[in-house]
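# Inside the fold
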Amino acid sequence: MRSITLNLLAILASGALAASCGDAAPAKTGAPQADPRPSPNASILAGDFDWPLHGNTSNETRFSHLNQINRQSVTKLGLAWEYEDFLVRGRTHRGMEATPIVRDRTMFFTGPWSVVYAVDAVTGDEKWVYDPGVDGAWARRACCDAINRGAALKDSSVFVGTLDGYLVSIDAESGKELWKTDTLIDRSKSYTITGAPRIAGDLIVIGNGGAELGVRGYISAYHYASGELAWRFFTVPGAGPDEHAELAEARKTWGDQTRFDLGGGGTVWDSMTYDDTAGLLYVGVGNGSPWPKWTRDPGGGDNLYLSSILAIDAKSGALKWHYQTTPGDSWDYTATQNIILADLEIDGVLRKVLMQAPKNGYFYVLDRITGELLSAENYTPVTWAGGIDPETGRPRISDSALYDQGARVVWPGTPGGHNWQPMAFSEKTDLVYIPVLEMPQKFSLQEGAAALPHTVNTKANVKAPPFADDDPALPEQAPAPSMRSYLTAWDPVTQKQVWQSDDLGWWSGGALATMGGLVFQGASDGVFRVFDDTTGDLLHSIDFGTGIMAAPITYQIDGVQYVAIAAGYGGAQNARFLPGMAARERENYERLIVLKLDGANVRTPPRREAVAPFPLYTEAIADPQTVALGLSLYRQYCGRCHAPMGAPNGYPDLWNLPPSTHDAFQQIVGEGVLAYGGMAGFSDALNENEISAIQAFIIDSQQKQRTLEK
Ligand code: CA
């Protein structure tokens, strides 16, 4: 069994080996340990010194041939430099999810609010900062934080998709804006962009998010030099006439009672991988909107192209094939997780494959030219289906997952067995390293179908463990409910787990594999870990004191190998600071940390200090009806960011607001006077009496709590 990615074949064919490239050969600090089998590509190739694309190569393997940092030397890993001058002044801190890009000694990365940073990759010295000036009120439209997963680079242009839906081209040298185009088809809907744009030949492609807030998904391709729209592919039919032929096929799988007013979903918010030989763009499509099919489309079928992998001809925008991972999705099972391309020997034949571990818990290996399912096995406990039929490629959906007849506990839950945190594929071990999350959720239908403006509107309730042992919602032979994460080494040919790390808590970040025999991964406990790629042994760890979600990269300049990683916790709605998480113990803010051998110690942020309680704003107790109304409105509009009492999550603590904030409550919540910082106004949804009811609920629960404490 061996694999060679296509671009490597191309580089090998052109003879562009490391020896002929301008950069110094890697210093040998400790000979690499002998491997159980010979590696197919022992030499370092010219392109390996940079990290020029989101997943390093266009195959998005997140693998590097660099090996100066290896099993012997890794314990000497320390700080090279750190950048923390993020443009969040006057704004709330947000999560860091970006993968940096490195080319010609410059590193480009993004932070919250879609700001792009260019720095010297050796010193960390700032070259330029590009702030697209996103209106902080737009944070309300983002299901999962005002984050960004990275920029793209082609020739002399850097591209970023902004939270408020623009695609921007920036001059890589000066940081000046070259062009800016509006990618949104309807700015009155809650569309956002958080994903990294991708390069597909002369096109730059971008999708969007918003399926939890009632939008219809699509992906757009623009000419990279002019910003002119080349094509747009809608992932689900709309209320109007079909925009392209593929939608007529999709429409057959939707019924005549479809609630098109609720959006349909199918947003392309993260995964896009371009096969530059086949000219195909592989796109991961998201979940349905709203979540339950019974609400979205009571009489329909599979609801194409929800939760599907699409192969789109990059030049024409026409669909070549599709594979639906979760027909009739009702569990938020996006297929937006990262797609990796490789050539794998399967049953004695070298196959051009595509690999994905979508949220639904199955690891898929598809023939990426034809879309044929080669294999699918579960990489985490799964109860929503009893396997994938190899003939039809369809899952055998379990009755125990259908919650239209009552609540059901289903594995995996809505965060998925694997989410946006990228997995990596090692060309050295032929293993895939998956950041796995193991957690079921109890699903139930949410009554009523009013579409609230710019508000998460899934029409399903979900609850995390624990559950009572005799909970009738549990399936027969249920696995033990857990909330844990780990790094899993997965053999994509045998579809079997090779090793699994210890429990990494809630939850672990993206992965990087290298020819040094290592897998790098951070976690929300603030620890950056390095594993042996073959045995899973933990070889080294560094405590950053800052929760890590993003994936690391590596690059080499002047004979020194670096590993770079964005740190800072945030992300999905209700991102709580649970026990054991760094953000609960220490100040949580945005950092970009770069490591090298013989580096310095990494600093940890100051410990959180308890905020002394402000005096009660008023002793007056509102009537119980007003308090009850306030509670229900808090749950509907506020609870997505502002955590319940005693459950800190980095957003302002409603249960201990200074009197001046209470004085301005109507102006803040209604008019949006703090919108720049990320607190949108809600005057479109809430009247003055309703805002007063929320305030009354806050004061009332504060008062009750303090009475209890006395
Ligand atoms: Ca979703």
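Read on for an overview of the structure. (Residues numbered from 1 in each chain as written. Predicted model: local features only at pLDDT ≥ 70, side-chain atom pairs only at ≥ 80, totals over all residues. Heavy atoms only, no water.)

## So, the overall build of the chain
Looking only at helices and strands, the chain has eight helices and 40 strands in total. The C-alpha radius of gyration computed for the chain amounts to 25 Å, which stays within 12% of the reference 27 Å derived for 710 residues, consistent with globular compactness. Within the chain, buried positions represent 62% of all 710 residues. Here the analysis covers contacts within the chain between residues at least 6 apart in sequence; of these, 63% occur between residues at least 24 apart. Positive and negative charge centroids in the chain, built from 57 and 82 side chains respectively, lie 1 Å apart. (Helix = DSSP H or I, 4+ residues; strand = E, 2+ residues; numbered from the N terminus. Rg over C-alpha atoms; globule rule 2.2 N^0.38 Å. Buried < 20%, exposed > 50% of the residue type's maximum accessible area, 1.4 Å probe, protein only. Contact = heavy atoms within 4.5 Å. Lys, Arg positive; Asp, Glu negative; His and termini not counted. Charge placed at Lys NZ, Arg CZ, Asp CG, Glu CD.)

## Digging into the coordination of the calcium ion
The calcium ion binds to the protein through Glu212 (OE), Glu212 (OE), Asn287 (OD1) and Asp332 (OD), with metal-donor distances spanning 2.3 to 2.8 Å. When the donors of the calcium ion are listed by position in the chain, the intervening gaps give E-x74-N-x44-D. Taken together, the residues span a long stretch of sequence, with Glu212 in the loop between strand 12 (203-206) and strand 13 (218-223) and Asp332 in the loop between strand 20 (319-324) and strand 21 (340-346) at a distance of 120 residues. You'll find Glu212 and Asp332 in the same group, each marked buried. (Donors = N, O, S within 2.8 Å, 3.2 Å for Na, K, Ca; no water.)

## Quick word on empty space enclosed by the protein
Applying the stated rule across the entire model yields three cavities of 30 Å³ or more. Space inside the largest cavity adds up to approximately 130 Å³. Residue lining of the largest cavity: 17 residues in total, with Leu53, His54, Glu60, Arg198 and Ile199 positioned closest to the centre. Contributions of two or more residues to the lining of the largest cavity are made by strand 7 (152-154), strand 11 (198-200) and strand 16 (272-275). It is strand 16 that contributes the most residues to the lining of the largest cavity, three residues altogether. Considered class by class, the residues forming the lining of the largest cavity number 10 nonpolar, five polar and two charged. The calculated volume of the second largest cavity comes to roughly 70 Å³. Taken together, His54, Glu60, Arg62, Glu97, Thr99, Arg149, Arg198, Asp270, Asn338, Trp420 and Pro422 form the lining of the second largest cavity. The class makeup of the residues in the lining of the second largest cavity is two nonpolar, three polar and six charged. (1 Å grid on protein atoms, 1.4 Å probe; cavity = no way out; pocket = protein on both sides within 12 Å on 5 of 7 lines; lining within 4 Å. Points joined across faces, edges and corners; volume = space filled by probe spheres on them. Nonpolar A, V, L, I, M, F, W, Y, C, P; charged D, E, K, R; others polar.)

## Focus: the environment of Ser426
With respect to the secondary-structure elements, Ser426 resides in the loop between strand 28 (424-425) and strand 29 (432-438). The buried category is assigned to Ser426, whose relative accessible area is 0%. Dropping the residues within four chain positions of it, Ser426 is found in contact with Phe63, Leu431, Tyr433, Ala513 and Asp533.

## Description of the packing of aromatic side chains
Applying the stated criterion across every chain, the model contains 33 aromatic pairs. Where Tyr191 meets Tyr218, the ring centres are 5.6 Å apart and the plane angle is 65°; that geometry is what we call edge-to-face. Within this pair, whereas Tyr191 is found in the loop between strand 10 (177-182) and strand 11, its partner Tyr218 is found in strand 13, the two being separated by 27 residues in sequence. Considered together, Tyr191 and Tyr218 belong to a single accessibility category, that of buried residues. In textbook terms, an aromatic cluster arises when at least three aromatic residues are bridged by ring pairs, as seen for Tyr323, Trp331, Tyr333, Tyr362, Tyr364 and Trp384. The cationic tip of Arg91 hangs over the ring face of Trp113; the distance from NZ or CZ to the ring centre is 4.4 Å. Its guanidinium or amino end placed over the ring of Tyr676, Arg91 lies 4.2 Å from that ring's centre, counting from NZ or CZ. (Phe/Tyr/Trp six-rings, centres within 6.5 Å; stacked < 30°, edge-to-face > 60°. Lys NZ or Arg CZ within 6 Å of the ring centre and 35° of its normal.)

## Considering the pairing of strand 4 (residues 106-110)
By the criterion of burial, strand 4 is predominantly enclosed, with five of the five residues buried. Relative to strand 4, strand 3 (residues 101-103) runs antiparallel, the two being bridged by three bridges. Looking at the pairing, Arg103 lines up with Thr106 of strand 4. In sequence, strand 3 turns back onto strand 4 through a hairpin of two residues, with Asp104 there showing a positive phi of about 50°. (Pairing = 2+ DSSP bridges.)

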